[in-house]
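Observations on chain architecture
This is what each chain is made of:
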Amino acid sequence: MTTATNEKESPLFITSFAKGLMLLSSFRGEYSSLSLVDMAEITGMNKSTVQRLAFTLETLGYFAKDPQTRRYRLTPKSLEIGTGYLQTSELVERANPYLHELNGTTGESCNLLEPCETDMIYVSRFGGHKQISVPIALGQRLPMYCSSAGRAFLAALSPPASDAILAQSKLQAFTHKTEIDPQALRAVIQEARAAGYATSNEQYYIGDIAVAAPIVNAQGDPLAAVNVAVPFSRWTLDSVIEQLAPQVVNTARAISNAARSLHPLTDQYC
């Protein structure tokens, strides 16, 4: 993170462009439409700057403004920014056949998540066959500390590196079971490091159990994680560990073998 901060001071860094991207990123989850005041509060920019950026993005076709409420929404054109990555990612391309096979074998939701700062981002997803699962879109983020994929990724890092990410994370409880004690989380990650997989039991979503294993390259650098998520109406944590964990680990190993030549995108994990 220090390297990224230093690079922002470089004469090559275009601050106005960075602010435009920040404004685009302010539309997440519950923020389907935003006013200028909303965007200023979310980004920390002043209203005058936000107004100019919003006008520019509207002119370029990435924003649409409601004439009555004067609130802004993203347009379909904004998809070009994110889907470009999904269409060109070598890791996604190499992982999808194995994820599809795992999905067919288990009948459950199978996902590929990559790191971004202190979160994991869904970059590929094959939905479960047996019931409507938790609605998750590609590009959605989950905190590393309370997701199985994040814990698996942290376990594949060295202890100092995983500790550094935990220290930078905003630890908050999303359910009554969310673990937010740093010492307990380090123990959870160490257990995952020894087992070769990580689990989460209602850590982020009520009723959700998940198991994940890391994907690494030939040098052992973690690239991503494979995750299978199931409802506790049909599964218990013990049955997930017994029946699904071995399949997830095998799938992660197969993808790791296919991704041996790949490297982490940046030293900052996004």
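To start, this report covers the structure provided alongside it. What you see is a predicted model, and the numbers here were worked out from it, not measured in a lab.

What follows is about the sheet that holds strand β3 (residues 109-116). Ordered in space as β5-β4-β3-β8-β7-β6, the 6 strands form an open sheet in which the pairing is antiparallel. Whereas interior strands pair on both sides, the edge strands pair on one side only; in this sheet they are β5 (141-143) and β6 (198-201). Along the sheet, successive strands turn relative to each other by an average axial angle of 30 degrees, direction set aside. Examined bridge by bridge, β3 and strand β4 (residues 119-126) share 7 bridges and lie antiparallel to one another. Paired with Leu113 across the bridge in β4 is Tyr122. Across the sheet, helix α7 (residues 148-156) is in contact with β3, β4, β6, β7 (208-216) and β8 (222-231); its angle to β7 comes to roughly 30 degrees.

A positive phi angle, near 60 degrees, is found at Arg70, a position not held by glycine. Positioned with a positive phi, Glu202 is a non-glycine residue whose angle comes to about 55 degrees. With respect to the helices and strands, Glu202 occurs in the loop between β6 and β7. For Glu202, a relative accessible area of 5% translates into the label buried.

Looking now at helix α8 (residues 159-168). Regarding α8, the residues found buried are Ser162, Ile165 and Leu166. End-on view of α8: buried residues confined to an arc of 100 degrees, all on one side of the axis. Residues Pro160 and Ala167 are exposed on α8 and point more than 90 degrees away from its buried face. Contacts from the buried residues of α8 go to α7 and α9 (182-195).

Rules used in this analysis
Residues numbered from 1 in each chain as written. Predicted model: local features only at pLDDT ≥ 70, side-chain atom pairs only at ≥ 80, totals over all residues. Heavy atoms only, no water. Pairing = 2+ DSSP bridges. Helix = DSSP H or I, 4+ residues; strand = E, 2+ residues; numbered from the N terminus. Axes fitted to C-alpha atoms, helices over the stretch in contact; angles between N-to-C directions. Contact = heavy atoms within 4.5 Å. Buried < 20%, exposed > 50% of the residue type's maximum accessible area, 1.4 Å probe, protein only. Arc of directions from axis to C-beta.

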